[in-house]
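Next come the chains, spelled out residue by residue.
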Amino acid sequence: MRHVCGLDVHKDSVSVCILNEKGVVFQEKFGVLTPELERMVGVIMEHGVTEVGMESTSVYWMPVWRVIDPYVEQKLVNPYFIRQLTGKKSDVKDAEWIATCILKGLVRGSYVPEERIQRLRQYDRRIFDLNDDIVYRLARLDAALQRCNIRLSNYVSTTDCKSYGDVVDAIARGETSPDALLRCVHGRIVNRNGADVIRSALTGVVTPVDVDVIRQLREEIELARRHRDECQRRMDGLCSEWFLEQYANFQTIPGVKARSATAIIAELGTDMSSFEDAAHLVSWAGLRPRNDESAGRIKARGITHGNKYLRKTLIECVWGASRTKVCFYARFSHHQTVVRRKCRMKVQVAIARKMLSAIWFVLHDGVAYRDFNGGCQRRLTAATAYTALCKVIIFVVARPRFANWLMLCAA
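Residues numbered from 1 in each chain as written. Predicted model: local features only at pLDDT ≥ 70, side-chain atom pairs only at ≥ 80, totals over all residues. Heavy atoms only, no water.

Engineer: Sorry if this is basic, but what is going on with a nonpolar patch on the surface here?
Structural biologist: Residues Val-59, Tyr-60 and Met-62 make up a contiguous nonpolar surface patch of roughly 250 Å² in combined accessible area. Position of Val-59 among the secondary structure elements: in the loop between strand S4 (51-55) and helix H2 (61-68). (Patch = residues over 30% accessible without salt bridge, like charges linked within 9 Å, V, L, I, M, F, W, Y side chains within 5 Å. Areas by Shrake-Rupley, 256 points an atom, 1.4 Å probe, with all protein chains shown as cover. Salt bridge = Lys/Arg side-chain N within 4 Å of Asp/Glu carboxyl O. Helix = DSSP H or I, 4+ residues; strand = E, 2+ residues; numbered from the N terminus.)

So this is what it looks like as structure tokens:
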């Protein structure tokens, strides 16, 4: 007789319900410490459970998954699809309902990659967190300089540029002279805005407390950058060791470099058996437009929720690919934004959807990327020729003398 188990996972407890065709066999609540989880696994094995299901509750499901994974087949279920009616739920009933859904085959498990991919994911998402920290610290650093009335950020392109960093390093060492700080600024910035303006922007009221705060913020930014670079080196090494072929094939896609290739492997993995086709993968990533229509009225057409880390990486790759010469993505972006005058941001999402479909085929077939230059190139050529013809007609109509000259030449 088939036995299944439902787990309702919380921060400090796990409710267990074991079911078979005849009804409830076992119910109990366990703690989340490792000895308690191991005792729970022993109970599951004693009852001959063949399948375990649990909700994806924040990060609390991960240690439970790791403890059970070597022994029993598991399914990670999206809570959205097994939500119960309000007023008729408790931890025990939640576990029983999850087990019932698993027993009846009403739900399918979410995609959980293998152990090696999960390690890469930890590094990848750590890099995203560190990038957010760096942006936040740079804003705090600029606020500290503004408090001292040092307005260099008004005249540089970004607070992450070399001139800005050199000025901050000089102030952190205790140097506050405007002339000394001016020598740290690149000559192009000085020439564009004028030496007097930049010197005035570097003239401030800096106290010893401000110097200490600026130095500490600078050290925090440098520490975050070192940790980010260390994580990226580890990811490069692991991808070169475990997934060398896929790592190389990804970098043949326009706009995808080493950092993007490691991020895509970390979020997708290399086994496409979990995704039936490219459309399934696009839907999982949240790049497919939603279908929300009622009574003939369209309520929404925006993209759906999905893997936000993969989407961010793909959008960054698309911006690079749209600027790559002799590339399908660049031609498509130019045609949609310039010829058809569509919104550039929406076009980038559409290109990301096409790029993710290409990634599915690269992984599924185990081949390098091949650029598409067939019918689209002919359509773009025809559109360009049509635009040129319209310009000639407008010029002829606007210049009668030129039209007469053309008629004489034809005669």
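We are not done yet, so read on.
Engineer: Help me out: how do you make sense of the packing of aromatic side chains in this one?
Structural biologist: In total, this model carries 11 aromatic pairs according to the counting rule given. A ring pair is formed by Tyr-329 and Tyr-369, whose centres lie 6.1 Å apart and whose planes are at 25°; its orientation type is stacked. Here Tyr-329 is found in helix H14 (residues 328-339), whereas its partner Tyr-369 is found in the loop between helix H15 (344-365) and helix H16 (375-398), with 40 residues between them in sequence. Of the two residues, Tyr-329 and Tyr-369, neither departs from the other in class, the shared state being buried. Aromatic rings pair up to connect Phe-328, Tyr-329, Phe-332, Tyr-369 and Phe-372 into one cluster. Across from the ring centre of Phe-128, 5.7 Å away, lies the NZ or CZ of Arg-259, which sits over that ring. Note that Lys-354 overlies the ring of Phe-332, its terminal NZ or CZ placed 4.9 Å from the centroid. (Phe/Tyr/Trp six-rings, centres within 6.5 Å; stacked < 30°, edge-to-face > 60°. Buried < 20%, exposed > 50% of the residue type's maximum accessible area, 1.4 Å probe, protein only. Lys NZ or Arg CZ within 6 Å of the ring centre and 35° of its normal.)

Engineer: Whenever I open this one, the pattern of salt bridges confuses me. Can you help?
Structural biologist: When charged atoms on two side chains of opposite charge get close, those side chains can pair. Counted according to the given criterion, the structure contains 22 salt bridges. Of the charged contacts, one joins Glu-219 and Arg-215 as a salt bridge, the two residues approaching to 3.6 Å between their closest N and O atoms. Separated by four residues within a single helix, Glu-219 and Arg-215 lie in helix H9 (residues 208-242), roughly one turn from each other. Relative accessible area serves as the criterion here: at 45%, Glu-219 is assigned to the partly exposed category. For Arg-215, a relative accessible area of 30% corresponds to the partly exposed category.

Engineer: Just to check I follow, could you spell out the packing of helix H4 (residues 115-147) against H9 for this structure?
Structural biologist: Between two packed helices, what matters for the description is the angle formed by their axes and the separation of those axes. Their axes nearest at 9 Å, the elements H4 and H9 cross at an angle of 160°. In terms of axis orientation, H4 runs roughly antiparallel to H9. Along this stretch, H4 crosses H9, giving a crossing that reads as left-handed. A per-class count over the contact of H4 with H9 returns 19 nonpolar, three polar and 10 charged. (Axes fitted to C-alpha atoms, helices over the stretch in contact; angles between N-to-C directions. Parallel < 35°, antiparallel > 145°, perpendicular 65-115°, else oblique. Left-handed = near helix turned anticlockwise from the far one by under 90°. Nonpolar A, V, L, I, M, F, W, Y, C, P; charged D, E, K, R; others polar.)

Engineer: Looking at this structure, I do not really get the nonpolar core. What am I missing?
Structural biologist: Generally speaking, nonpolar side chains in soluble globular proteins are found buried as a group. Core analysis: the biggest nonpolar cluster contains 46 residues, and Phe-250, Tyr-329, Met-355, Leu-356 and Ile-359 have the highest contact counts within it. At 10 residues, the largest contribution of residues to this core is made by H15. One finds Leu-130, Ala-144, Cys-148 and Ile-189 within the second-largest nonpolar core, a separate group that totals 26 residues. (Core = buried A, V, L, I, M, F, W, Y, C linked by side-chain atoms within 4.5 Å.)

Engineer: So what exactly am I meant to see when it comes to the layout of surface pockets here?
Structural biologist: Remark: the empty space left among the atoms is shown by a probe the size of a water molecule rolled over them. In this structure, the largest pocket occupies an estimated 1700 Å³ of space. In this structure, the largest pocket is lined by 35 residues; those nearest its centre are Asn-78, Ser-110, Tyr-111, Trp-284 and Gly-306. When residues of the lining of the largest pocket are traced back to their parent elements, those giving at least two are H2, strand S5 (73-77), H4, helix H12 (278-285) and helix H13 (308-321). The greatest single-element share of the lining of the largest pocket, amounting to five residues, is contributed by H2. Taken together, the residues of the lining of the largest pocket break down into 16 nonpolar, 14 polar and five charged. Counted as a void, the second largest pocket has a volume near 390 Å³. Along the wall of the second largest pocket there are 22 residues; nearest its centre are Trp-65, Tyr-111, Val-112, Pro-113 and Glu-114. Only H2, S5 and H4 provide two or more residues apiece to the lining of the second largest pocket. (1 Å grid on protein atoms, 1.4 Å probe; cavity = no way out; pocket = protein on both sides within 12 Å on 5 of 7 lines; lining within 4 Å. Points joined across faces, edges and corners; volume = space filled by probe spheres on them.)

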